Amino acid sequence: DNNVSGDLYDYYTSENDTSLDGLGIFDVSGHGIPAGLMTILATGIITQQFLAGVQQSRSMTSVLEEINKTYIKEKVNLENYITGLLFRFSGFNNKDICSVEFANAGHPYPLIYDSEKDEAIELRPDNPEKQYGIIGVEGLDVSFPPVSFRMKPNDIILCFTDGITDARNREEDSFSKKKLATLLKAHKNLPAALLVKAIISEFEFFTNGRKPDDDITLIVLKRNKSGDYIEEI
């Protein structure tokens, strides 16, 4: 739609841009220019609330709840909503471990490749039933429980919007999250940039020229050794 998207993502870095403090990926309902305009509104709210939350040492759960309240207030009576993930990353400790906290507002669960277990799995809360609700619906009860884990060297996080997993080929088969997990594990040794290219190449082969019905966003974060950085694209 003339390069107007309802998907949005952003990286949050420290003041001197030497470390990655956070990541957000969100999907605004609707298509075209209306969704694009709401994306602009949402981007400002999300950035402001994330930075304030970090300064005040609030959880990502609390930040998403505040984003929900502010977005409902500022969008007035427009009928749209947002799903999304919000991550915060710690610095490396003396055991070369990076702690990660995130919360999910009705978005597809991200995937993680665990380098020690050699498996790609979904990142879910311990009790998924306690996670419910989305951003932007007045009167809707929401619960965005925090998920915390430690990220080791060569671990990989893969975030995406449902435009990629819901896309179908000419036989009406969906690309699916299972296929994404298989590709993540198969290309685990690639740098982040090349891993994204490998997945997109498989996606284009699968859809065989069929235009997706929704916007597509794909993000790969690969943990390097301490002293380096979390590589992103």
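That block above? That's the structure.
All figures in this text were calculated on a predicted structure; none of them were measured in a lab.

How each quantity is defined
Residues numbered from 1 in each chain as written. Predicted model: local features only at pLDDT ≥ 70, side-chain atom pairs only at ≥ 80, totals over all residues. Heavy atoms only, no water. Core = buried A, V, L, I, M, F, W, Y, C linked by side-chain atoms within 4.5 Å. Buried < 20%, exposed > 50% of the residue type's maximum accessible area, 1.4 Å probe, protein only. Helix = DSSP H or I, 4+ residues; strand = E, 2+ residues; numbered from the N terminus. Contact = heavy atoms within 4.5 Å. Pairing = 2+ DSSP bridges. Axes fitted to C-alpha atoms, helices over the stretch in contact; angles between N-to-C directions.

Chemist: Kindly report on the nonpolar core, identifying the contributing residues and their values.
Modeler: Phe26, Ile46, Leu64, Ile67, Tyr71, Leu86 and Ile135 are the most contacted members of the largest nonpolar core, which totals 21 residues. Residue assignment for this core shows that the elements contributing at least two residues are strand E1 (7-13), strand E2 (20-28), helix H1 (32-55), helix H2 (60-74), strand E3 (82-92) and strand E4 (98-105). If sequence neighbours within four positions are ignored, Phe26 has contacts with Gly6, Asp7, Leu8, Ile46, Leu64, Ile82, Thr83, Gly84, Leu85, Leu86, Ile135 and Thr161. In this structure, Ile164, Leu184, Val196 and Leu218 belong to the second largest nonpolar core, which totals 20 residues.

Chemist: How would you summarise unusual backbone geometry if you had to cite specific residues and measurements?
Modeler: Look at Asp118: it is not a glycine, yet its phi comes out positive at around 50 degrees. Residue Asp118 is classed as partly exposed on the basis of its relative accessible area of 28%. Here Ser176, not a glycine, exhibits a phi torsion of approximately 75 degrees, which is positive. Tracing the backbone shows Ser176 in the loop between helix H3 (162-165) and helix H4 (177-186). Given a relative accessible area of 23%, Ser176 falls into the partly exposed group.

Chemist: Could you give an account of the sheet that holds strand E7 (residues 146-151), with specific residues and numbers?
Modeler: Taken in spatial order, the five strands line up as E1-E2-E3-E4-E7 in an open sheet, and their pairing is antiparallel. Bordering the open sheet on either side are E1 and E7, each of which pairs with just one other strand. Direction aside, the axes of adjacent strands within the sheet are offset by 15 degrees on average. Sheet topology places E4 next to E7; six bridges connect them, and they run antiparallel. Along E7, the bridge assignment pairs Cys98 with Met151. Against the sheet, H1 touches E1, E2 and E3, its axis set at about 25 degrees to E1.

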